[in-house]
Amino acid sequence: MAAVLGARCHTRIDGRYVSALGKTWHPHHLTCQLCGAELGSDTKFVVHNGAACCEKCHSERFAERCAACQQALDPGAQFVRAGGKPYHGACFKCAGCAKRRDRHVLHDGRPFCSACHQAKFGPKCVRCGGVFDGQSIQMKNGGKVHTSRRFRTCDFIDRVLRR
């Protein structure tokens, strides 16, 4: 049987060894490319640009970051991508009410549930400032006013509906 040589030192390996990156290593020779920490058989690491990198260094320097909390996304973990930005599942919340919803509308790169998006950015009554519920009248000047009787705060509508 041929002698097994270490990938880094090219010397014979007698005893324990580590197989990683398609090569065989003395346990103390498989190290993080950034900090030099040993990546023995019990240590998890990530392959970055063909070299071993400890999880800590990879997380600090290379991992994608959640757009909400700025923490690293763990390699292989599930996450949500919206507007080209990654989010932890728990961090993907409405920027208005902070509730997690299945559907969001992105506005300036921030997720909003449809109710908060409508309330914050949707058209509003030119008289009372209330959010439309789908019932409105287009005025000659381009503004809209409520037509629903439930909007009693809009005195203009009261006068229009009495006609």
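These lines cover the structure that appears in this document, whether it is placed above or below. Computed from a predicted structure; not experimentally measured. (Residues numbered from 1 in each chain as written. Predicted model: local features only at pLDDT ≥ 70, side-chain atom pairs only at ≥ 80, totals over all residues. Heavy atoms only, no water.)

Details of the pairing of strand 3 (residues 45-48)
- Here strand 3 shows a buried face lined by V46 and H48 and an unburied face lined by F45 and V47.
- The turn linking strand 3 back onto strand 4 (residues 51-54) is made up of two residues, and N49 within it adopts a positive phi angle of 50°. (Buried < 20%, exposed > 50% of the residue type's maximum accessible area, 1.4 Å probe, protein only. Helix = DSSP H or I, 4+ residues; strand = E, 2+ residues; numbered from the N terminus. Pairing = 2+ DSSP bridges.)

Some points on the environment of C113
- Mapped onto the fold, C113 is located in the loop between strand 8 (110-112) and helix 2 (114-121).
- Note on C113: relative accessible area 5%, which makes it buried.
- Sequence-wise, C113 and C94 are 19 residues apart; in three dimensions their C-alpha atoms are separated by 5.5 Å.
- Setting aside chain neighbours within four positions, we find C113 in contact with C94, C97, R101, R103 and H104. (Contact = heavy atoms within 4.5 Å.)

Topic: the nonpolar core
- Judged by nonpolar contacts, V18, A20, W25, L30, C32, L39, A52, C53, C54 and C57 together constitute the single largest core of ten residues.
- The set of elements that each furnish at least two residues to this core consists of strand 1 (18-20) and strand 4.
- It is strand 4 that contributes the most residues to this core, three residues altogether.
- Each residue touching A52, except ones within four places of it in the same chain, is listed here: L21, L30, T31, C32, Q33, L39, F45 and V46.
- By size, the runner-up hydrophobic cluster in this structure holds five residues, among which are C66, L73, A82 and F92. (Core = buried A, V, L, I, M, F, W, Y, C linked by side-chain atoms within 4.5 Å.)

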